[in-house]
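# Chain and residue survey
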Amino acid sequence: MGTKIVLDTDPGHDDAIALLLALASPEVEVLGVTSVSGNQTLEKTTTNALKILEFVDRTDIPVHVGCDRPLVREQWAAAYVHGESGLDGPDLPDPTTKPAEGHAVDFIAQAVSEHEGVVLVPVGPLTNIGLLLARYPGIEERIARVVIMGGAIAEGNVTPAAEFNIWADPEAAHRVFTSGIDVTMVGLDVTHKALLFPQKVDELREAGRVGGLVAALYDFYHGHHQRMYGWEGSPVHDALAVAHVVSDRFLQTEHRYVEVDIGPEPGRGRTYVDLWQRSGKEPNCHVGVGVDGPGFIDVLVDRLKSLK
Ligand code: BDR
Ligand code: CA
């Protein structure tokens, strides 16, 4: 059996691809999926998680509903990236399954209590993980690692300073980064250097129903990256975080001190990374600084092709 993970997610196109990668990877075992509001409302992100699991006939994996709004700030959806449904593009049927009983936060607490070595992989705003730490004091000791998609050393994709997942709930992120847990940050510095190009997606398009689904997701999602950045490929942010749990061969990391800006704009949501160790503060995060983009994309595409 592989590393036990909980995927905490707000699907979201790249979230959906991250979930599919996890399901296609024997190195990880998905104990459950927990939903959070972020790319879209909680109702929509939960529905989207159920849709994906049903599409690949993995309704054995429970989906637990999490937080419907950030800890402090107002809720704000990223419809400009992911569309009104949060998963615009493919024509997925409504799910026939329902979310599992019990709040996401309680499910995660139970999962890490019952199993040794559970890795949390939050690829949306960190609200559920922040609330988990508040509700279950001492739970940090039971969490092997948190591998986050979020943050950046020096760029933003929602404001000039901030990456979406951190900006969407900075207070929750602050709580996670100051928790003492072994945290890895898979940020824009690396996800923006690991692009999925249309030529690779055409391989998927020809590779059966899951490949076709991913191609339809990509066609919508890539439109945003073409319009906004003028890029010929698109980052698959959340899948890179999952890939880093599958294997550490894609990412180069540095152990550094990271602090989340929980003040007002323009810095709100920024992750200050003490890359050159100027603060004298103890490192609290493995920061992704380099990536084998083509190597990651090859494995991603091969794994997705293997799903039927
Ligand atoms: C992150 O924001 C979301 O839109 C994506 O799903 C990803 O988790 C990238 O900044
Ligand atoms: Ca996400």
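These figures come from a predicted structure and were not determined experimentally.

## Description of the environment of Leu 31
Examined against the element boundaries, Leu 31 turns out to sit in strand β2 (residues 28-35). Sequence separation of Leu 31 and Asp 88 is 57 residues, and the distance between their C-alpha atoms is 27 Å. If sequence neighbours within four positions are ignored, Leu 31 has contacts with Lys 4, Ile 5, Val 6, Pro 62, Phe 107, Ala 111, His 115 and Val 118.

## Section: the nonpolar core
Within the largest apolar cluster, 60 residues are counted, with the highest numbers of intra-cluster contacts made by Leu 20, Val 121, Phe 296 and Leu 300. Ranked by residues supplied to this core, first place goes to helix α1 (residues 13-23) with eight residues. When neighbours within four sequence positions are excluded, Phe 296 is seen to be in contact with Ala 194, Val 236, Ala 239, Leu 240, Ala 243 and Phe 250. Of all hydrophobic cores here, the second largest spans 32 residues; its members include Leu 133, Ile 148, Val 176 and Val 287.

## So, the site of ligand 1
Taken together, Asp 14, Asp 15, Asn 39, His 82, Val 123, Met 149, Asn 157, Glu 163, Phe 164, Asn 165, His 237 and Asp 238 form the complete shell of residues around ligand 1. Contacts to ligand 1 include Val 123, whose backbone N or O atom sits 3.0 Å from an oxygen atom. In the environment of ligand 1, an oxygen atom lies 2.4 Å from a nitrogen or oxygen atom belonging to the side chain of Glu 163. If ligand 1 stood free it would expose 280 Å²; the protein chains cover 96% of that surface. For the shell around ligand 1, the secondary-structure elements that each account for two or more residues are α1, α6 (164-168) and α11 (237-246). Residues belonging to the shell around ligand 1 are distributed by class as follows: three nonpolar, five polar and four charged.

## Brief notes about the coordination of the calcium ion (ligand 2)
The protein atoms that coordinate the calcium ion (ligand 2) are Asp 10 (OD), Asp 15 (OD), Asp 15 (OD), Val 123 (O) and Asp 238 (OD), at distances spanning 2.3 to 2.6 Å. Mapped onto the sequence, the residues coordinating the calcium ion (ligand 2) show the spacing D-x4-D-x107-V-x114-D. Here the residue Asp 15 occupies a position in helix α1, and Val 123 occupies one in the loop between β4 (119-122) and α5 (127-135), the gap between them amounting to 108 residues. By relative accessible area, which is 1% here, Asp 15 ends up buried.

## Here we look at the pairing of strand β5 (residues 145-149)
For β5, the buried fraction is high: four of the five residues fall into the buried class. As paired elements, β4 and β5 share two bridges and run parallel to each other. Among the inter-strand pairings, Leu 120 is bridged to a residue of β5, identified as Val 146. One crossover worth recording links β4 to the parallel β5 by way of α5, and it is right-handed.

## Let's talk about the packing of aromatic side chains
For any pair of aromatic rings, the description consists of the separation of the ring centres together with the inter-plane angle of the planes. Applying the stated criterion to the full structure yields five aromatic pairs. Between Trp 76 and Phe 164 the ring centres are 6.5 Å apart and the planes differ by 45°, which places this aromatic pair in the tilted class. Remark: Phe 164 occurs in helix α6 and Trp 76 occurs in the loop between β3 (63-65) and α3 (79-82); sequence separation between them is 88 residues. Its relative accessible area of 7% is what places Phe 164 among the buried residues. The interplanar angle of 80° and the centroid separation of 5.1 Å between the aromatic rings of Trp 76 and Trp 167 together place this pair among those described as edge-to-face.

## Things to note about the pattern of salt bridges
With the rule as written, the count across this model stands at 16 salt bridges. Residue Arg 142 is joined to Glu 116 by a salt bridge in which the shortest nitrogen-to-oxygen separation is 3.2 Å. Of the two residues, Arg 142 is situated in the loop between α5 and β5 and Glu 116 in the loop between α4 (104-114) and β4; the sequence distance between them amounts to 26 residues. Across the pair Asp 202 and Arg 205 runs a salt bridge whose closest N-O atoms are separated by 3.1 Å. Of this pair, Asp 202 and Arg 205 both sit in helix α9 (residues 198-205), three residues apart, roughly one helical turn. One salt-bridge network, held together by shared partners, links Lys 200, Glu 203, Asp 298 and Lys 305.

Cut-offs applied
- Residues numbered from 1 in each chain as written.
- Chains lettered and ligands numbered in written order.
- Predicted model: local features only at pLDDT ≥ 70, side-chain atom pairs only at ≥ 80, totals over all residues.
- Heavy atoms only, no water.
- Helix = DSSP H or I, 4+ residues; strand = E, 2+ residues; numbered from the N terminus.
- Contact = heavy atoms within 4.5 Å.
- Core = buried A, V, L, I, M, F, W, Y, C linked by side-chain atoms within 4.5 Å.
- Buried < 20%, exposed > 50% of the residue type's maximum accessible area, 1.4 Å probe, protein only.
- Near = heavy atom within 4 Å.
- Polar contact = N/O pair within 3.5 Å; in protein donor to acceptor, adjacent residues only side chain to side chain.
- Areas by Shrake-Rupley, 256 points an atom, 1.4 Å probe, with all protein chains shown as cover.
- Nonpolar A, V, L, I, M, F, W, Y, C, P; charged D, E, K, R; others polar.
- Donors = N, O, S within 2.8 Å, 3.2 Å for Na, K, Ca; no water.
- Pairing = 2+ DSSP bridges.
- Right-handed = clockwise from strand over helix to strand, strands pointing away.
- Phe/Tyr/Trp six-rings, centres within 6.5 Å; stacked < 30°, edge-to-face > 60°.
- Salt bridge = Lys/Arg side-chain N within 4 Å of Asp/Glu carboxyl O.

Treat this as a map of the structure, not an account of what it does.
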